[in-house]
Amino acid sequence: MSEQLPLYRTSQVRAMDELASGALGIPPYELMTRAGAAAWRVLQQRWPGVRHLGVACGPGNNGGDGYVVARLARAAGLKVSVVTPPGATPRTAQARQALADWRAAGGTVSSFDGMLPDGEAWVDALYGIGLTRPPSEAAQSMIERINAARVPVLSLDVPSGLDADTGHAAGTAVHASVTLCFIAAKRGLYTGMARDFDGEVLLDRLDLKIGAFDDFRPAAWLCRPEGLARWLAPRHANAHKGEHGHVLCVGGEEGMGGAVRLCAEGALRTGVGLASVATRSSGVAALVAARPEAMTHAVEDARALRPLIERATVLAVGPGLGQGAWGQALFGEAIASGKPLVLDADALNLLAQHPLPLPQAILTPHPGEAARLLASDNGAVQADRFAAAEALAQRYGCTVVLKGAGTVVAAPGEIPAVIGAGNPGMATGGMGDVLSGVVAALVAQGLPSFQAAVAGALLHSAAGDAAARVGGERGLLPSDLFPHLRRMANPA
């Protein structure tokens, strides 16, 4: 498995399809038969015991792929039931050819009448990459029936109902067990709502030549934990703490000291040379007792913060900061310092109240914070997480880590990254505080902002996955990540 996978928009994949048919000289129907054969191989590998296969075919080329699968399954001795939405006549020459070949092989097609045959598995070939609106009423009903069947589902290219560019479903969508992408990976399948629908995502390039599409600039990169070593090189034998930076964590209003402690330990476990904490005097004793390695300072006003800022390499501001007078004063001092910043939690809420460009910053919002920073709403952010991350990066002139399923990292002039790790157990208070410390530590150790954000988000998510494997996702605590952060920050 490649440590980075290029992801593309649907318009790019269509252009690749045309290039394959034109410059590469592969007839369109040949590509369709390759896609159907690839899908049939997956069905045989994953569910070899299936004897009755249902295939839902739409009117486009995705439906044509489905007819090819149906023909191959029937030739192998399976009972195959092909169902289409009412009036779903094939619209393209190759889809019409696939339907003709299916019928010539003895196959029949049923129009959906509200019920589906009792297939032991289903192939979803309704829409593919072409859908940018809610499915038709009949197709929605078919999708609901497929989902209700609770049998394995193989979606071809994209689970029907999902927008392949954004991963958002405007209506009902197929819950796939496996999604098989053809030619190139579609960027929407790896973030947001899509992660609830696409199951395991596979890619088959249909035997097209390696390098045939090198001229296509990826719309995003999927970054996987196998790539951590590129950013986390071993240290030389004569290393000293001064070479590894100094993170100052600013936060911990009354009653919220745990947040800044998580941030500081996240930085320490990621290898920063020194970690300091600027917090309320009432929280100093508890923090020193819990994590003596973090140099903790009582800071009751902005003036007391200044000498700590001067000694720091990077500031992690926001965990437990609050939005009161104390938090506002420390936030203002940190922003005015010109030092590299990692902003999270209430630092983001304060920034949303008074937006300004921060080229030296990395912002780490969850969707709600992103909505406030954009003067938008949560639904709009989640409907197109790529657009939201890129809008934030442009508005604030800096790197942005839009957290959530399939975290998106964006920055001006950079190809966005999608983090190919993480799990639902990480959706709990305090995880973002740890992430702030992790990212700040990597900035302190010399990584440029965008690289630090990608590597930090990937390391944090991979550590969350490792922790979940030990005891499960439900009940996962932010502090459960610490031993795994340390181990994974030292890749072999």
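Now for a description of the structure that goes with this document. (Residues numbered from 1 in each chain as written. Predicted model: local features only at pLDDT ≥ 70, side-chain atom pairs only at ≥ 80, totals over all residues. Heavy atoms only, no water.)

### Here we look at the nonpolar core
And step 1. In terms of nonpolar packing, the biggest core is built from 104 residues, with Leu53, Leu154, Leu248, Val317, Leu321, Leu343 and Leu363 touching the most fellow members.
And step 2. Element by element, the count of residues in this core is highest for helix α2 (residues 28–46), at 9 residues.
And step 3. Leave out the neighbours within four places in its chain, and Leu154 touches Ala39, Val42, Leu43, Trp47, Trp122, Val123, Asp124, Val178 and Leu180.
And step 4. Within the second largest apolar cluster, 56 residues are counted, among which are Leu232, Leu435, Leu447 and Ala466. (Core = buried A, V, L, I, M, F, W, Y, C linked by side-chain atoms within 4.5 Å. Buried < 20%, exposed > 50% of the residue type's maximum accessible area, 1.4 Å probe, protein only. Helix = DSSP H or I, 4+ residues; strand = E, 2+ residues; numbered from the N terminus. Contact = heavy atoms within 4.5 Å.)

### Quick word on unusual backbone geometry
And step 1. The backbone of Leu206 shows a phi angle near 60°, a positive value even though the residue is not glycine.
And step 2. Considering the arrangement of structural elements, one finds Leu206 in the loop between β9 (200–204) and β10 (220–223).
And step 3. With a phi close to 55°, Ala375 is a non-glycine residue in the positive phi region.
And step 4. With respect to the helices and strands, Ala375 occurs in the loop between α11 (367–373) and α12 (378–383).

### Details of helix α6 (residues 257–269)
And step 1. Taking 1.5 Å of rise per residue, 13 residues should cover 18 Å, and α6 covers 19 Å from first to last C-alpha, within 8% of that figure.
And step 2. Taken as a whole, α6 has its buried residues at Ala259, Val260, Leu262, Cys263, Ala264, Glu265, Gly266 and Ala267.
And step 3. Lining the buried residues of α6 we find β11 (246–250), β12 (274–279), α7 (284–290), β14 (314–317), α14 (431–444) and α16 (482–488).
And step 4. Of the residues trailing α6, Gly271 is marked for its positive phi of about 100°. (Expected span 1.5 Å × (residues − 1).)

### Some thoughts on the pairing of strand β3 (residues 79–84)
And step 1. Where burial is concerned, most of β3 is hidden: 5 out of the 6 residues are buried.
And step 2. Relative to β3, strand β2 (residues 52–57) runs parallel, the two sharing 5 bridges. Residue pairing for β3: Val55 is matched across the bridge by Val82.
And step 3. Taken together, β2, helix α3 (residues 61–75) and β3 form a β-α-β motif whose crossover is right-handed.
And step 4. Pairing geometry for β3 and strand β4 (residues 109–111), over 3 bridges, is parallel. Bridging from a neighbouring strand, Thr84 pairs with Ser111 of β4.
And step 5. Read as a crossover between parallel neighbours, the route from β3 over helix α4 (residues 93–104) to β4 is right-handed. (Pairing = 2+ DSSP bridges. Right-handed = clockwise from strand over helix to strand, strands pointing away.)

### So, helix α15 (residues 449–471)
And step 1. Its 23 residues give α15 an end-to-end C-alpha distance of 33 Å, which sits within 8% of 33 Å, the value for a rise of 1.5 Å per residue.
And step 2. In terms of burial, α15 is largely enclosed, as 18 of its 23 residues are buried.
And step 3. Following α15 by one or two positions, Gly472 adopts a phi angle in the positive range, close to 100°.

### Digging into the side chain of Ser81
And step 1. Looking at the secondary structure, you find Ser81 in strand β3.
And step 2. Taking relative accessible area as the criterion, Ser81 reaches 13% and is therefore assigned buried.

### Some points on the packing of aromatic side chains
And step 1. Inspection of the entire model under this criterion finds 1 aromatic pair.
And step 2. Ring centres of Phe213 and Phe216 lie 6.0 Å apart, and the angle between their planes is 75°; this geometry places the pair in the edge-to-face category.
And step 3. Of the residues examined, Phe213 reaches a relative accessible area of 13% and is grouped as buried.
And step 4. The ring of Phe386 has Arg187 lying over it, and the distance from NZ or CZ to the ring centre is 4.1 Å.
And step 5. Above the face of the Trp231 ring, Arg230 is positioned so that its terminal group lies 5.3 Å from the ring centre. (Phe/Tyr/Trp six-rings, centres within 6.5 Å; stacked < 30°, edge-to-face > 60°. Lys NZ or Arg CZ within 6 Å of the ring centre and 35° of its normal.)

### Section: the layout of surface pockets
And step 1. Estimates place the volume of the largest pocket at around 1400 Å³.
And step 2. Along the wall of the largest pocket there are 49 residues; nearest its centre are Ala405, Gly406, Ala421, Gly422 and Asn423.
And step 3. Looking at the lining of the largest pocket, the elements with two or more residues in it are β9, α11, β19 (417–419), α14 and α15.
And step 4. The residue makeup of the lining of the largest pocket, split by class, is 22 nonpolar, 16 polar and 11 charged.
And step 5. A volume near 870 Å³ is recorded for the second largest pocket.
And step 6. Residue lining of the second largest pocket: 36 residues in total, with Gly60, Asn61, Asn62, Tyr127 and Ile129 positioned closest to the centre.
And step 7. Mapped onto the lining of the second largest pocket, the elements with two or more residues apiece are α1 (10–21), α2 and α3. (1 Å grid on protein atoms, 1.4 Å probe; cavity = no way out; pocket = protein on both sides within 12 Å on 5 of 7 lines; lining within 4 Å. Points joined across faces, edges and corners; volume = space filled by probe spheres on them. Nonpolar A, V, L, I, M, F, W, Y, C, P; charged D, E, K, R; others polar.)

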